[in-house]
Amino acid sequence: MRVVLQVTCVNDAMFPDTGKAVVRLLRRLGVEVDFPRAQTCCGQPMVNTGYLDEAVPVVRTFVDAFAGYDAIVTPSGSCAGSARHQHSIVAERSGDPALVAAVAETGPRTHELSEFLVDVLGVTDVGAYFPHRVTYHPTCHSLRMLGVGDRPRRLLEAVRGVELVDLPHASECCGFGGTFALKNADTSIAMGADKARHVRDTGAEVLVAGDNSCLMHVGGMLSRQRAGVRVMHLAEVLAATEDDEGMDA
């Protein structure tokens, strides 16, 4: 099986450790991962703000970069959702039958990380060790667009040493929403404050999610509140082992 990492813009620019964690994790499970340097944005920011025509060359770059792979793995429900659901809209609008056909190939082969681990590799125990009190936030696109369900929780429950506690009102949006946070800043801040309060109420040491954009939003609030709660991507927790030095792995 030929597997490729779609690292995402946010991770590439701001959270490179997440991409590295995905590669470490998959290699530990016997999966070799390619990383095409030609990859760029999935196009979601353009689509979400109504610039569908401008998204066409971005989607074209995506399908060219990831053509021929059996599985495209991304540590983001948001970007996986874009590839699976938005790319076909953009391709149809372009009027290019070749792009429509290419998207029909790459879309179904794009997997959010927990989907790939549970559904494709068939594993929940990935050999991780993380002795900390953790709570999990299910991000909107993973929950509603992809329907990942309990896959991330099943993976976390199998991590040795972890204490997984329920997050109150977990399914509520954190308030980030990409450009929503810029266009509707007051509402975004209020929603983020609610999420941060719920996280603090759990007494967790670490907030885990599958999208770093959401963790950046909530983590910024927790940091300003001096809550003493760290945020970590699911991939980083699953990549952790007893050989790592705690949370600084």
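Residues numbered from 1 in each chain as written. Predicted model: local features only at pLDDT ≥ 70, side-chain atom pairs only at ≥ 80, totals over all residues. Heavy atoms only, no water.

An unreviewed UniProt entry lists the protein under the name (Fe-S)-binding protein, with Nocardioides ganghwensis as the source organism.

Attention now moves to the overall build of the protein. Within the protein one finds 13 helices and eight strands. In terms of overall dimensions, the protein has a C-alpha envelope of 55 × 45 × 30 Å along the principal axes. Each of the 249 residues in the protein was classed as buried or not, and the buried ones make up 50%. Total accessible area on the protein is roughly 11200 Å²; 50% of this is exposed by carbon and sulfur atoms. Seen as two clouds, the 23 positive and the 31 negative side-chain charges of the protein have centres 3 Å apart. (Helix = DSSP H or I, 4+ residues; strand = E, 2+ residues; numbered from the N terminus. Buried < 20%, exposed > 50% of the residue type's maximum accessible area, 1.4 Å probe, protein only. Areas by Shrake-Rupley, 256 points an atom, 1.4 Å probe, with all protein chains shown as cover. Lys, Arg positive; Asp, Glu negative; His and termini not counted. Charge placed at Lys NZ, Arg CZ, Asp CG, Glu CD.)

All right, on to the packing of aromatic side chains then. Evaluation of the coordinates by the stated rule reveals one aromatic pair. Its guanidinium or amino end placed over the ring of tyrosine 69, arginine 2 lies 4.3 Å from that ring's centre, counting from NZ or CZ. (Phe/Tyr/Trp six-rings, centres within 6.5 Å; stacked < 30°, edge-to-face > 60°. Lys NZ or Arg CZ within 6 Å of the ring centre and 35° of its normal.)

This part takes up the pairing of strand 5 (residues 133–136). Relative to strand 6 (residues 163–165), strand 5 runs parallel, the two being bridged by three bridges. Directly across from arginine 133, in strand 6, lies its bridge partner glutamate 163. Here strand 5 runs beside strand 7 (residues 206–209); their pairing, made up of three bridges, is parallel. Looking at the pairing, threonine 135 lines up with leucine 207 of strand 7. (Pairing = 2+ DSSP bridges.)

Following the UniProt record, the feature "domain: Cysteine-rich" (unreviewed entry) maps to residues 3–80 and 134–218 here. Between the first and last C-alpha atoms of residues 3–80 the distance is 15 Å; the span itself is 55% helix and 12% strand. Within residues 134–218, the helical portion is 51% and the strand portion 12%, while the C-alpha atoms at the span's ends are 15 Å from each other. (UniProt positions renumbered as here; feature names shortened; annotations may be inferred.)

Right, let's get into the pairing of strand 7. Residues Val206 and Val208 point to one face of strand 7 and Leu207 and Ala209 to the other, with burial holding for every one of them. Where strand 7 lies against strand 8 (residues 230–233), four bridges are found, and the strand directions are parallel. Looking at the pairing, leucine 207 lines up with valine 231 of strand 8. A crossover connection joins strand 7 to the parallel strand 8 through helix 12 (residues 212–224); in handedness this β-α-β unit is right-handed. (Right-handed = clockwise from strand over helix to strand, strands pointing away.)

Okay, helix 7 (residues 113–120) next. An α-helical segment advances 3.6 residues per turn. Residues three or four places apart therefore align on the same side. Across the eight residues that make up helix 7, a large majority, six, are buried. The set of residues buried in helix 7 consists of Leu113, Ser114, Glu115, Phe116, Leu117 and Val118. The positive-phi residue at the C-terminal boundary of helix 7 is glycine 122, with phi of around 70 degrees.

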